[in-house]
Amino acid sequence: MSTSSTLAPTHGAPVATPPVLDIRGASVATRRATVYGPLDARIAAPVTLVLGDRGSGRTSLLLSLGGRMRVSSGTIRTLGHDVTVDGRRVRELTALAGFAAIDRLDDSARISEVVRERLTWLAPWYRRVPTPTPREVHDALASVFGEVPVPTSGSFVRDLTEGQDLLLRVALASIEKPRVLLVDDLDDVKNPSERAQVAARLQALTEAGVSVVVGSADPRDADLFDDRLLATLTLSR
Amino acid sequence: MSILSPGTELSRFRSGLLPRIAIAVLLFIPLIYGALYLWAFWAPTDNLDEVAVALVNEDEAATLTDGTTLDAGDEVVDALLDSADLGWVLTDAADAAAGVSDGTYYFSVTIPADFSAEIASAEGDDPEAADLEVHYNETNSFLATTLGSSAMLQVQEAVSDTISSQTALTLIEGVEELSEGVSDAAAGATGLDDGTQALANGATELSVGLGELADGSSTLAAGTTSLFSGTVVLADGADTLADGTAALSEGASSLASGASDLADGADALENGTEDLAAGATTLEGGADDLSDGLAELDDGAATLAAGLATLDAEAPTLAAATGDLSDGAAQLSTGASAVAQLAAAYPTMTLAQLDATLASSGTSLSAIAAGASALADGTEQLNATVTETVDADSPSLVDAIAQLAAGADALSAGLDDASDGATALASGTSDLAEGAAQVDEGAATLTSGAVSLADGAADLSDGATQVDLGADELAAGATDLSDGATQVDDGASALAEASTQAAAGSSDLADGAEEVADGASTLAVALSEGADEAPSLTTAQGVALADVVADPVVLDEATDNETQGFGEGFAPFFIALATFVGALITWLILRPLPVRLLATRASGLRAVLTGFVPAALLGLGQTIIMMLVLVIGIGITPVHLVGMTLFVLLTTLAFMALQQMLVVLLGSAAGRVVSLVLLMLQLSSSSGTYPVETSPQFFQVLHPYMPASYVVDGLRALIGGGIDARFWAALAYMVGLLVVSIAVSAFAASRQKVWTIARLHPELTI
């Protein structure tokens, strides 16, 4: 099992602020096998593309970057915080979207319901959260969807295209206002033009200062992003 | 056979530890359910000695009539402790009551203070079964009461065995005494037997005598028959005689009457004859008088005729004088009458006036005076004429008239004599006629009397004939009577003989009877002695004694917080089972923990509650439906309905939280398997059916930790009543289970914000 890392050319300012990701010899292993790593990388680009096939440990790496999976060895710092030592802080700064096993939405749920659910979770425990109006739903989603059509609040999750579904999950994750957005399975959006649209919307989020880490199995997805903004991390089995 | 190939279904369990465990668990699940339950309840009655039962001995020793002391309570206690059928704990009443109430003891058995006294009462007149007071509390366990009841039956039997000997001994002593009395009675009976035999002999003799008496009687009867027939004949004869006598009497009567008539006739004849003689005399006198009278009559008639002739010659002169007188009188009358009229009409008229007036009417007072003077002249003239005539014819006319008067006198006298004679003649003729009639009548009567006499004589003759015939018959009857009397005599003598024999037999019989009396007296004395010695009982006492001997000890059972029966008794157990299974199925459908939420900043508690609330809502529905059906459909009647409903809801929620926790902690597959195993373990150790003390030690160790134990405790108190510390403990446990489960889940959930490879790629999913 080998691991290679490619550091994208840094651009812009020198490292005054901590890099988005600082990975040093990090690996995750079970008793039977190593899931990924050891891995070294230091990334400051707003968009990080993590490329790796199924079984390469790509999802585990993304979880580790978000403080949601313990590394077996080495260290990872996200925005300067050690994910092992300061995992809670890292989890507050990061949000997940597009993880099949974690944030998959129920097909039979309405858009307004999933929005309300997310708002409820983030509201104080004593506060009742009413069902959002279509306007509120639209407002909550519009900044993420951009030029992509925002689904109406009454439509169902199963009615969404793959791109809309992923963008909806990104939008829900964005409600928490994370500093780093971890998006997995970009390649689940099979339609190329739609995938390009989603990539463009993710890249657009960085304009607001949000770093995006995108996982995909398709190396060609690197073409969907602006090279100046992109760092690529390739995992191999 | 390719059709039976398992495919790849089983190969997915090859990798990883959990799949292998899962397969193992799958293989053992039926065993857990089957064997665990069977093991727990294999022989609950064998372990009843583990069931704590309070035993209280308050008995005070009683003294028997023979002076010995009976301490039945201690004997029973020893017997019970030795038998160790139940987990007897010898204690005092207060501890027992408290222990039964709070469940330290499943139930209590109290030997009351008068236990020995009641046992001893079997030898008295008022036997009473001894009570064992048993006090159950179904809040402790319904089946404990059931088991206890059956155990107590055995205890009762065991105690009865101990106690029976005492009671029976008392009875047997009485029977023994009775036996002595009976053997005395037997001796008496022997004497009675001898007497009876003698009596039989006497009776035989009596029988013979009576037979002879019967013969004599029959002879007597024959004689009586003859007597009877003789009497009949005699009666006939007497009848005939009577007839004859009657006829005779009748004849005599006729004769008498005839004679009487004859006498009467003779009398009348005599009278008639006398009258006839008197009449004839009178007749003779009358005839003489008549003759005299007729002669005088003839003289008188001649005188009369001469006088009449003279009278006739002087008659015309008299007539002329008389005529003149008449005219003068008439004139005078007329004048007087006129004066009278005037005087009447004119009272004041003077004589002149009267004379005038009279003159006017053609008359006058001087006319009247002339008339009166004329009259006086006429009368004088007449008188002179008559005197002249008479003087002139004297003596002839005077003589003629005197002769005529004399002739008339003579005629009158003659006629008087003739009348007297005629009267006497008539009377004599009448007397004669009467006497003749009487003679005739007397002759007739005499004739008729003679006829009657003849008839009476004839009748008398007939009667005499009949009397003769009757006398003959009477003689014949008398002969028969005599024969009969002879036979009666024979019979009577036979009877006398037989009576003598009977008397002899009776004497023998009397002897025999005496012997019998002796024997009977002996028997009576012996029996009475026996009866005196035997226990003397009234019917009620006998029944009571029989009851006491049959069941010297009875159970006086009392049950606190009694349930309706098996249903309510088992309800807590099955509600525990139902709520747990309800939660299990709920968590098969609902996701215990929303994974999506773990990826957010929200807390672990929020993640757990987000999973728990939908299940809790379903649990509320499950509880309401189940309680409605239990109360309305099945008919369970809990003492605390609302409390029970809330407790069932609490149980449901606690079980859901518990199972959610297991899934959160162990994962969906392992968590549910553990839930299933836990279900079985807690049910078999819950004490919801048999008391846990009757189960193997394993379950007794588990019992205090298993939720179902507390569910059963709590529901028993709410259904059957008897809320006590155990209920509050159960309530606290269930609330604690709910809170702790959720807290543990929340803690585990917050830890699960960090994924592991195993959770990300579970080896086994359900």
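Residues numbered from 1 in each chain as written. Chains lettered and ligands numbered in written order. Predicted model: local features only at pLDDT ≥ 70, side-chain atom pairs only at ≥ 80, totals over all residues. Heavy atoms only, no water.

**Let's talk about the overall build of chain B**
- The helix and strand tally for chain B stands at 18 helices and seven strands.
- Put simply, chain B has 766 residues, and 36% of those count as buried.
- A separation threshold of at least 6 residues defines the contact pool for chain B, and within that pool the share at least 24 residues apart is 84%.
- Split by element, the accessible area of chain B, about 38300 Å² in all, is 63% carbon and sulfur. (Helix = DSSP H or I, 4+ residues; strand = E, 2+ residues; numbered from the N terminus. Buried < 20%, exposed > 50% of the residue type's maximum accessible area, 1.4 Å probe, protein only. Contact = heavy atoms within 4.5 Å. Areas by Shrake-Rupley, 256 points an atom, 1.4 Å probe, with all protein chains shown as cover.)

**With respect to the overall build of chain A**
- Per the secondary structure count, chain A includes six helices and nine strands.
- The proportion of buried residues among the 237 residues of chain A is 53%.
- Residue pairs in contact within chain A that sit at least 24 positions apart in sequence constitute 71% of those at least 6 positions apart.

**Brief notes about the interface of chain B and chain A**
- Between chain B and chain A, the contact holds 18 residues from the first and 29 residues from the second.
- When the two sides are added together, the surface that chain B and chain A hide from each other amounts to roughly 2100 Å², 56% of it contributed by carbon and sulfur.
- Taken as a group, R596, R601 and R606 of chain B account for 35% of the area that chain B buries against chain A, more than any other trio of residues on that side.
- Our count for the contact surface shared by chain B and chain A stands at two salt bridges.
- Between E117 of chain A and R596 of chain B there is a salt bridge whose closest N-O contact spans 2.6 Å.
- At the level of elements, α11 (595-598), α12 (604-634) and α18 (757-760) of chain B are the ones that each hand at least two residues to the side of chain B that touches chain A. (Buried area = accessible area lost by both parts, 1.4 Å probe. Salt bridge = Lys/Arg side-chain N within 4 Å of Asp/Glu carboxyl O.)

**Quick word on helix α16 (residues 707-720) of chain B**
- Here α16 of chain B contains 14 residues, and its C-alpha end-to-end distance of 20 Å stays within 8% of the 20 Å for a straight helix at 1.5 Å per residue.
- G721 of chain B lies just past α16 of chain B and shows a positive phi near 90 degrees. (Expected span 1.5 Å × (residues − 1).)

**Focus: the pairing of strand β6 (residues 94-97) of chain A**
Residue and element names in this part refer to chain A.
- Neither face of β6 is exposed, since T94 and L96 on one face and A95 and A97 on the opposite face are all buried.
- As defined by bridge partners, β6 adjoins strand β7 (residues 180-183) across four bridges and the pair is classed as parallel. Bridge assignment links L96 to a residue of β7, and that residue is L182. (Pairing = 2+ DSSP bridges.)

**Regarding helix α6 (residues 192-205) of chain A**
Residue and element names in this part refer to chain A.
- Its 14 residues give α6 an end-to-end C-alpha distance of 20 Å, which sits within 8% of 20 Å, the value for a rise of 1.5 Å per residue.
- Buried residues of α6: E194, R195, V198, A199, R201, L202, Q203, A204 and L205, and no others.
- As for α6, its buried residues are in contact with β3 (47-51), α4 (134-145), α5 (162-174), β7 and β8 (211-216).

**Side note on the sheet that holds strand β4 (residues 87-91) of chain B**
Residues and elements named next belong to chain B.
- The strand order across the open sheet built from five strands is β4-β1-β5-β6-β7, with neighbouring strands paired in mixed fashion. Looking at the sheet topology across the chains shown, the edges are occupied by β4 and β7 (553-560). Between one strand and the next, the sheet's axes are offset by a mean angle of 25 degrees, whatever the strand orientation.
- The pairing of strand β6 (residues 130-137) with β7 spans eight bridges and is classified as parallel. By the bridge assignment for β7, V134 is matched with E557.
- Along the sheet, helix α2 (residues 72-83) makes contact with β1 (52-57), β4 and β5 (107-111), crossing β1 at roughly 160 degrees. (Axes fitted to C-alpha atoms, helices over the stretch in contact; angles between N-to-C directions.)

**Considering the sheet that holds strand β9 (residues 230-234) of chain A**
Residue and element names in this part refer to chain A.
- One open sheet accounts for five strands, arranged β6-β7-β8-β3-β9; its pairing is parallel. Looking along the sheet, the strands with just one partner apiece sit at the ends: β6 and β9. Each neighbouring strand pair of the sheet contributes to a mean axis angle of 20 degrees, computed without reference to strand direction.
- Judged from the five bridges that link them, β3 and β9 form a sheet pairing that is parallel. Residue pairing across strands places L49 opposite T232, the latter belonging to β9.
- Together, β3, β6, β7, β8 and β9 form the strand contacts of helix α1 (residues 58-65), whose direction differs from that of β8 by roughly 165 degrees.
- Lying on the sheet, α6 is in contact with β3, β7 and β8; it crosses β8 at an angle near 155 degrees.

**Observations concerning the nonpolar core**
- Grouped together as the largest cluster of nonpolar side chains are 98 residues, with contacts concentrated most on L65 of chain A together with F612, M644 and M734 of chain B.
- Top element by residues in this core is helix α13 (residues 641-666) of chain B. It accounts for 14 residues.
- Every residue in contact with L65 of chain A, bar those within four places of it in the chain, is listed here: L21, I23, I76, T78, V83, V90, T94, L182 and V213 of chain A.
- In terms of nonpolar packing, the next biggest core, distinct from the first, is built from 40 residues, A109, V170, A173 and V198 of chain A among them. (Core = buried A, V, L, I, M, F, W, Y, C linked by side-chain atoms within 4.5 Å.)

**Some thoughts on the confidence of the model for chain A**
- In the predicted model, chain A carries a mean pLDDT of 90, and the fraction of residues at 70 or more is 93%.
- Across residues 1-15 of chain A, confidence stays below pLDDT 50; counting only partners more than four residues off in sequence or on other chains, it has 23 contacts. (pLDDT = per-residue confidence, 0-100.)

**Quick word on the side chain of S108 of chain B**
- Here S108 of chain B shows up in strand β5.
- Among all residues touching S108 of chain B, those that are not within four sequence positions of it are V53, A54, A96, V100, E133, V134 and H135 of chain B.

**Description of the environment of G202 of chain B**
Residues and elements named next belong to chain B.
- Checked against the element boundaries, G202 lands in helix α5 (residues 142-345).
- Distance in space between the C-alpha atoms of G202 and A513 is 8.8 Å, their sequence separation being 311 residues.
- Ignoring any residue separated from it by four or fewer positions in sequence, one finds G202 in contact with G505, D508 and L509.

**Details of the pattern of salt bridges**
All names here are of chain A.
- Inspection of the entire model under this criterion finds 18 salt bridges over all chains.
- One salt bridge in this structure joins D103 and R169, with 2.7 Å as the shortest N-O distance. With D103 in the loop between β6 and α3 (111-122) and R169 in helix α5, this residue pair connects regions lying 66 residues apart in the sequence. Taken as a pair, D103 and R169 share a single burial class, namely buried.
- Notably, a salt bridge pairs R220 with D218, separated by 3.1 Å at the nearest N-O pair.
- For R220, a relative accessible area of 61% gives the class exposed.
- Look at the salt bridges and you will find they share partners, linking R195, D218, R220 and D221 into a network.

**Some remarks on the confidence of the model for chain B**
Residues and elements named next belong to chain B.
- This prediction gives chain B a mean pLDDT of 79; 89% of its residues lie at or above 70.
- Per-residue pLDDT, averaged within each element of chain B, yields its smallest value for helix α9 (residues 539-550) (69) and its largest for α13 (96).
- Here the complex is predicted with pTM 0.59, and the ipTM for its interfaces comes to 0.89.

**A word on a nonpolar patch on the surface**
- Taken together, the side chains of L620, I624, I625, L628, V629, I632 and I634 of chain B define a hydrophobic patch exposed on the protein surface, amounting to about 700 Å² of accessible area.
- By the secondary structure assignment, V629 of chain B is in helix α12. (Patch = residues over 30% accessible without salt bridge, like charges linked within 9 Å, V, L, I, M, F, W, Y side chains within 5 Å.)

**Notes on a negative patch on the surface**
All names here are of chain B.
- The grouping of E58, E60, D92, D95, D102, D114, D126, E128, E133, D556 and E557 at the surface amounts to a negative patch.
- Note on placement: D556 falls in strand β7.
- We classify D556 as partly exposed; its relative accessible area is 37%. (Lys, Arg positive; Asp, Glu negative; His and termini not counted. Charge placed at Lys NZ, Arg CZ, Asp CG, Glu CD.)

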